[in-house]
Amino acid sequence: MLIKKPADIPSSEITDERLYVNRRKFMAAAGGLGLAAAAGILLPRALRGPGGDGGGLVSTESGGAVEGSAAQGRDELTPENKVTTYNNYYEFGTDKGDPAENSGSFRPRPWTVAVEGLVKKPASYQLEDFIKPSKIEERIYRMRCVEAWSMVIPWNGFPLSDVLRRAEPLPSARYVELTTVFRPQEMPGQRRDVLDWPYKEGLRLDEAMHPLTILATGLYGKNLPNQNGAPLRLVVPWKYGFKGIKSIVKIRLTETQPNTAWNDANADEYGFYANVNPDVDHPRWSQAKERRIGELRKRDTLPFNGYADQVASMYRGMDLRRYY
Ligand SMILES: Nc1nc2c(c(=O)[nH]1)N[C@H]1C(S)=C(S)[C@@H](COP(=O)(O)O)O[C@H]1N2
Ligand SMILES: [Mo]
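About the thresholds
Residues numbered from 1 in each chain as written. Chains lettered and ligands numbered in written order. Predicted model: local features only at pLDDT ≥ 70, side-chain atom pairs only at ≥ 80, totals over all residues. Heavy atoms only, no water. Helix = DSSP H or I, 4+ residues; strand = E, 2+ residues; numbered from the N terminus. Buried < 20%, exposed > 50% of the residue type's maximum accessible area, 1.4 Å probe, protein only. Contact = heavy atoms within 4.5 Å. Areas by Shrake-Rupley, 256 points an atom, 1.4 Å probe, with all protein chains shown as cover. Pairing = 2+ DSSP bridges. Axes fitted to C-alpha atoms, helices over the stretch in contact; angles between N-to-C directions. Polar contact = N/O pair within 3.5 Å; in protein donor to acceptor, adjacent residues only side chain to side chain. Phe/Tyr/Trp six-rings, centres within 6.5 Å; stacked < 30°, edge-to-face > 60°. Core = buried A, V, L, I, M, F, W, Y, C linked by side-chain atoms within 4.5 Å. 1 Å grid on protein atoms, 1.4 Å probe; cavity = no way out; pocket = protein on both sides within 12 Å on 5 of 7 lines; lining within 4 Å. Points joined across faces, edges and corners; volume = space filled by probe spheres on them. Nonpolar A, V, L, I, M, F, W, Y, C, P; charged D, E, K, R; others polar.

**Q** How would you explain the overall build of the protein if you had to name every residue and give the values?
**A** From N to C terminus, the protein includes ten helices and 14 strands. Evaluated residue by residue, the protein yields a buried proportion of 54% over its 324 residues. Taking the intrachain contacts of the protein between residues at least 6 apart in sequence as the baseline, contacts between residues at least 24 apart amount to 70%. Looking at the protein as shown, the accessible area adds up to about 14,600 Å², and 52% of this sits on carbon and sulfur atoms.

See the structure below:
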């Protein structure tokens, strides 16, 4: 995220090279059939979207949402071992491999989540009471980091709106602030002043209530690995990855726009909205293209990460260059 140190650049280049080699090996093993076919993970034309009624299907080929070549429009799942070893989770270190390496002794259970602020029914939940297994569904989402790489991840989770409704927001509630656990004993990164701990994120209430916004409890059908934000993290697929706060302990409804960890650290580079937008560059690099982890060629970045049909209306009339 921060990418302040030039040293980060060579290290990410090294990672890229390794991914290419792995992919080539995989394709060779498949006799040229291709990565997804070999792994049996070719996605159906329509990705699974919100709700079970089919009304929210996210089609990869619908309405011109995906531009470019046919190859560009194909959404293959990012291999699980990439999803769990290429992470941003500064509580465990600032390199992509650090979270997988340094999060082994983090204890995601027992876990308590507080829902508080401008709600009729503030409450503190044990994880088991907070998560209703019957509500857990799979959501295959395209994810896009502000660093211009992307992945396609099968999440397991439930809509954030479920918990917000349960708490009964007061009419004055307009925003939701989420906070990561503070455990410097288990999180070596929190012993350094990389960010103002604990990590915080925020959404406008309508964004938080949107059916695409989920609290994820797992990926690839398993409990979330520590490095991906166990036991509970936010996933907002039309926003840059940094909005996806991990290991959440507090959800607070507020009247005013909450501070967020990245906005506090560098407001010019990381805005509150952070909607994926190919037309608004990060001050130090373009956002027009992205590289899917595991792929060689860059692809065009889509407005709202390809979810414009479902979310653009929330921003009608807003200057998205100002509210980036
Ligand atoms: N608490 C916390 N949450 C965080 C981060 C972090 O450093 N700390 N990094 C963010 C960034 S920049 C990204 S891209 C995503 C990465 O999620 P993933 O590792 O599951 O892909 O987590 C986000 N959530
Ligand atoms: Mo990110």
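There's plenty left to go through after this.
**Q** Go over the sheet that holds strand 12 (residues 248-254) with me, naming the residues and quoting the values.
**A** Sheet strands line up and pair through hydrogen bonds in the backbone, either parallel or antiparallel. As summarised here, the arrangement of the five strands in space is 4-3-12-7-8, forming an open sheet in which the pairing is mixed. Either end of the sheet is taken by a strand with one partner, and the two such strands are strand 4 (123-126) and strand 8 (200-204). Averaged over all adjacent pairs, the angle separating strand axes in this sheet is 15 degrees, with direction ignored. As paired elements, strand 3 (residues 112-117) and strand 12 share four bridges and run parallel to each other. Residue pairing in the sheet places Glu116 in a bridge with Arg252 of strand 12. Its contacts with the sheet place helix 7 (residues 160-167) against strand 3, strand 4, strand 7 (175-180), strand 8 and strand 12, and it is angled at close to 60 degrees to strand 12.

**Q** Account for the side chain of Arg139, naming residues and giving values.
**A** Relative to the helices and strands, Arg139 resides in strand 5 (residues 137-144). For Arg139, a relative accessible area of 1% corresponds to the buried category. A distance of 2.6 Å separates polar atoms of two side chains, one belonging to Arg139 and the other to Tyr141.

**Q** Before we move on, could you go through the packing of aromatic side chains and cite the residues and values that matter?
**A** By convention here, two paired aromatic rings are described through the distance between centres and the angle between planes. Taken as a whole and judged by the stated rule, the model has 15 aromatic pairs. Seen from their ring centres, Tyr141 and Tyr307 are 6.0 Å apart, and the 80 degrees between their planes marks the pair as edge-to-face. On the criterion of sequence distance, the pair formed by Tyr141 in strand 5 and Tyr307 in the loop between strand 14 (299-300) and helix 10 (308-311) is long-range, its members being 166 residues apart. Given the relative accessible area of 1%, Tyr307 is considered buried.

**Q** How would you explain the nonpolar core if you had to name every residue and give the values?
**A** Phe130, Trp155, Leu160, Leu215, Leu234, Trp238 and Ile251 are the most contacted members of the largest nonpolar core, which has 71 residues in total. When residues in this core are grouped by element, the largest group, five residues, is from strand 6 (residues 149-159). The residues touching Leu215, leaving out its near neighbours within four places in the chain, are Phe130, Asn156, Gly157, Phe158, Leu160, Val163, Leu232, Arg233, Leu234, Ile248 and Ile251.

**Q** How would you sum up empty space enclosed by the protein? Please name residues and give values.
**A** With the rule as written, the count across this model stands at three cavities of 30 Å³ or more. Counted as a void, the largest cavity has a volume near 370 Å³. At four residues, the largest contribution of residues to the lining of the largest cavity is made by strand 6. Here the residues of the lining of the largest cavity sort into 15 nonpolar, six polar and four charged.

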